[in-house]
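# Notes for the structure review
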Amino acid sequence: MKIKSLTKHFGAEIIGIDISSALDNDAFNKISNAFYKYSVLLFRDQNLSEEKHVAFTQRFGPLISITESVPSVSSDPNNVNHWLIRFSNVDENGSIIPPDSKEMIGMFNANALWHSDGSFKKNPDKGSVLYAEQIPPEKGETELASLRAAYSDLPNHRKIELEGLMAEHSFAHSRRNFDLDEAAKSIIDKYPPAEHPLVRTIPETGEKSLFVASHASHVIGWPLDKGENFINELMEFSTQKRFRYSHQWNPGDLLMWDNRCCLHRGKPWDSGKYKRVMRRTTLMGQAE
Ligand code: OGA
Ligand code: MN
């Protein structure tokens, strides 16, 4: 197994490992340590069934059930659908779903914002593990930004200012300018706004990270517009090109990221012409 870093600040490709095989503890520990060290891991050329996708993710800890946000999927934990969320523009018959349908517009617009999965929840998601089944011949990249690198690069006076500050995160905020479908509305009803520190400490490494995202609206105890401007400024700072990695997908790629210290967003592609089929498992996180 070889570890090759992807950018100066974060991200690594793990080479020479088949993650669908039964990994011994030594191999798994190397991968797990690399995950906390690099925040983003890439495995190329994997042939990963849905079952193996779930099993690989479960080595890292408990998963989030998709029934949390899509109540209609199977409630049976032995059914893989219970654990997999799908981002796809293809319907059950294999046809492309019109890009101007409400469901597609919602997915494209929401995924295009720099976000941390589930930051609107009291216990935000720890990690996301995304596998590519079908990929358009061009575009449709996933971009990531390191909030840990951004934090470490902040001037000292900013770090002092940030100490002890909390931000409010809500699904309603990130969707405030969208025309919502029923599924999105029910998520708003289900999850009241959550408060999270603007600076988090990652327990596995002791490193500090900023924690801002599209769901973050304002700073607790500050006038609304002052907090909103502050968060916008921090988002702009964190998502500068120098803190980013852009992943150009190939089918069989698996990309996993630490939502506690990374932002990500999906870039557009010609979605009326090309299929893009992804599936994701999600690691359960804990409030800080
Ligand atoms: C996700 C996500 C963006 C993409 O899987 O959580 O935001 O590029 N994906 O598919
Ligand atoms: Mn996401």
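Take the coordination of the manganese ion (ligand 2) next. The coordination sphere of the manganese ion (ligand 2) contains the protein donors His115 (NE2), Asp117 (OD) and His264 (NE2), at a distance range of 2.1 to 2.2 Å. All donors of the manganese ion (ligand 2) belong to a single chain; written as a sequence motif, their spacing is H-x1-D-x146-H.

A word on the site of ligand 1. Around ligand 1, a shell composed of Phe87, Asn111, His115, Asp117, Leu130, Thr142, Trp257, His264, Gly266, Arg276 and Arg280 is seen. Contact distances for ligand 1 include 3.1 Å between an oxygen atom and a side-chain N or O atom of aspartate 117. A distance of 2.9 Å separates an oxygen atom of ligand 1 from a polar side-chain atom of arginine 276. When ligand 1 sits alone it has 290 Å² of accessible area, and the protein chains cover 99% of it. Taken together, the residues of the shell around ligand 1 sort by class into three nonpolar, five polar and three charged.

Turning to unusual backbone geometry, a few remarks are in order. Although it is not a glycine, aspartate 45 adopts a positive phi angle of roughly 55°. Summarising the element assignment, aspartate 45 is placed in the loop between strand E3 (40-43) and helix H2 (50-58). The class of aspartate 45 is exposed, set by a relative accessible area of 71%. Positioned with a positive phi, lysine 139 is a non-glycine residue whose angle comes to about 65°. Topologically, lysine 139 is positioned in the loop between strand E5 (127-134) and strand E6 (142-146).

Taken as a whole, this structure holds 19 salt bridges when the rule is applied. Lysine 30 is paired through a salt bridge with aspartate 26; the nearest N and O atoms lie 3.8 Å apart. Separated by four residues within a single helix, lysine 30 and aspartate 26 lie in helix H1 (residues 25-38), roughly one turn from each other. Residues aspartate 153 and arginine 242 are paired through a salt bridge, measuring 2.8 Å at the closest nitrogen-oxygen approach. In this pair, aspartate 153 is assigned in helix H4 (residues 147-153) and arginine 242 in the loop between helix H8 (224-238) and strand E12 (244-247), connecting sequence segments 89 residues apart. Each of Lys126, Glu204, Asp258 and Arg260 takes part in salt bridges that share partners, so that together they form one network.

On to the packing of aromatic side chains. Across all of its chains, the model carries ten aromatic pairs by this definition. Consider the rings of phenylalanine 35 and tyrosine 36, whose centres lie 5.3 Å apart with planes at 55°: the pair is tilted. Taken as a pair, phenylalanine 35 and tyrosine 36 share a single burial class, namely buried. Each member of the aromatic cluster is reached from another via a ring pair, and the members are Phe28, Phe35, Tyr36, Phe43, Phe56 and Phe60. Stacked on the ring of tyrosine 151, the Lys or Arg lysine 159 has its end atom at 5.2 Å from the ring centre. Here the guanidinium or amino end of lysine 226 rests over the ring plane of tryptophan 222, the centre of that ring lying 4.0 Å away.

Note on terminology: a disulfide is the covalent bond linking the sulfur atoms of two cysteines. All chains considered together, the criterion is met by zero disulfides. Considering cysteine sulfurs only, cysteine 262 is the nearest to cysteine 261, which forms no disulfide, with 4.7 Å between them. Residue classification places cysteine 261 among the buried residues on the basis of a relative accessible area of 2%.

Here we come to the pairing of strand E1 (residues 2-5). Across four bridges, E1 lies against strand E2 (residues 12-15) in antiparallel orientation. Counterpart to isoleucine 3 in the pairing with E2 is isoleucine 14. The turn joining E1 and E2, which pair antiparallel and follow one another in sequence, is formed by six residues; a positive phi near 85° is taken by glycine 11.

Below, the discussion takes up the sheet that holds E12. Spatial strand order, E12-E6-E14: three strands in an open sheet with antiparallel pairing. Taken across any chain shown, the strands that pair with only one partner, and hence form the sheet edges, are E12 and strand E14 (262-266). For this sheet, the mean angle separating the axes of adjacent strands, direction not counted, is 20°. Here E6 pairs with E12 via four bridges, running antiparallel. The residue bridging threonine 142 from the neighbouring strand is histidine 247, located in E12.

Time to look at the environment of proline 136. Relative to the assigned elements, proline 136 resides in the loop between E5 and E6. Classification of proline 136 by relative accessible area gives buried; the value is 4%. When the C-alpha positions of proline 136 and valine 277 are compared, they lie 9.1 Å apart, and in sequence the two are 141 residues distant. With residues up to four places along the chain from it excluded, the contact list for proline 136 reads Trp269, Tyr274, Lys275 and Arg276.

Rules of the game
- Residues numbered from 1 in each chain as written.
- Chains lettered and ligands numbered in written order.
- Predicted model: local features only at pLDDT ≥ 70, side-chain atom pairs only at ≥ 80, totals over all residues.
- Heavy atoms only, no water.
- Donors = N, O, S within 2.8 Å, 3.2 Å for Na, K, Ca; no water.
- Near = heavy atom within 4 Å.
- Polar contact = N/O pair within 3.5 Å; in protein donor to acceptor, adjacent residues only side chain to side chain.
- Areas by Shrake-Rupley, 256 points an atom, 1.4 Å probe, with all protein chains shown as cover.
- Nonpolar A, V, L, I, M, F, W, Y, C, P; charged D, E, K, R; others polar.
- Helix = DSSP H or I, 4+ residues; strand = E, 2+ residues; numbered from the N terminus.
- Buried < 20%, exposed > 50% of the residue type's maximum accessible area, 1.4 Å probe, protein only.
- Salt bridge = Lys/Arg side-chain N within 4 Å of Asp/Glu carboxyl O.
- Phe/Tyr/Trp six-rings, centres within 6.5 Å; stacked < 30°, edge-to-face > 60°.
- Lys NZ or Arg CZ within 6 Å of the ring centre and 35° of its normal.
- Disulfide = S-S within 2.5 Å.
- Pairing = 2+ DSSP bridges.
- Axes fitted to C-alpha atoms, helices over the stretch in contact; angles between N-to-C directions.
- Contact = heavy atoms within 4.5 Å.

So, to be careful, I would describe these as geometric facts and stop short of saying anything about function.
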